[in-house]
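A look at the structure
Below, each chain spelled out in residue letters.
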Amino acid sequence: MIRVVLEEPKKLSVEEAPIPTPGPSEVLIRVKVCGICGSDVSAYLGKHPFVKYPVVQGHEFSGKERRQSSRRTVSHMWQLLSL
Ligand SMILES: [Zn+2]
């Protein structure tokens, strides 16, 4: 998967990262769209008091949840999500 990392204020990098494996109580979401809010702008400018660099931003997004199906003929199913 591709992710954008804010390495330090005003310094972004694009990198390849492995697809994470969700735990038993977690879900894996394929992000389709992502918003930018005031917290993201503050972090980018180095003015957010709680951000520790490097950080992957984008906590407001929509996508599809991938989870295992109980049917053997279907390997997975998708459900729309917004967070
Ligand atoms: Zn926000």
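Residues numbered from 1 in each chain as written. Predicted model: local features only at pLDDT ≥ 70, side-chain atom pairs only at ≥ 80, totals over all residues.

1. What to know about unusual backbone geometry
Residue Tyr 53 is joined to Pro 54 through a cis peptide bond whose omega torsion reads 0°. Looking at where Pro 54 falls in the secondary structure, it is placed in the loop between α1 (38–45) and β4 (55–56). With a phi close to 65°, Lys 10 is a non-glycine residue in the positive phi region. Topologically, Lys 10 is positioned in the loop between β1 (2–8) and β2 (11–16). Taking the C-beta count within 10 Å as the criterion, Lys 10 has 9 such neighbours and is therefore assigned exposed. (Helix = DSSP H or I, 4+ residues; strand = E, 2+ residues; numbered from the N terminus. Buried ≥ 20, exposed ≤ 12 C-beta atoms within 10 Å, placed from the backbone.)

2. Thoughts on the environment of Val 55
The residue Val 55 is located in strand β4 in this model. Each C-alpha atom of the pair Val 55 and Val 5 lies 5.7 Å from the other, and the pair is 50 residues apart in sequence. With near-sequence residues (within four places) excluded, Val 55 lies in contact with Leu 6 and Ala 43. (Contact = placed C-beta atoms within 7 Å.)

3. Description of the sheet that holds β4
An order of β2-β1-β4 is seen for the three strands of this open sheet, with the pairing classed as antiparallel. Two strands close off the open sheet at either side, each with one partner strand: β2 and β4. Two elements, β1 and β4, share two bridges in a ladder whose sense is antiparallel. If you follow Leu 6 over to β4, its bridge partner there is Val 55. (Pairing = 2+ DSSP bridges.)

4. A few points about the pairing of β2
Across the six residues of β2, zero count as buried, placing the element largely on the outside. Pairing analysis gives six bridges linking β1 to β2, with the strands arranged antiparallel. Across the sheet, the residue bridging to Glu 8 is Lys 11, located in β2. Between β1 and the antiparallel strand that follows it, β2, lie two residues; Lys 10 among them carries a positive phi value of about 65°.

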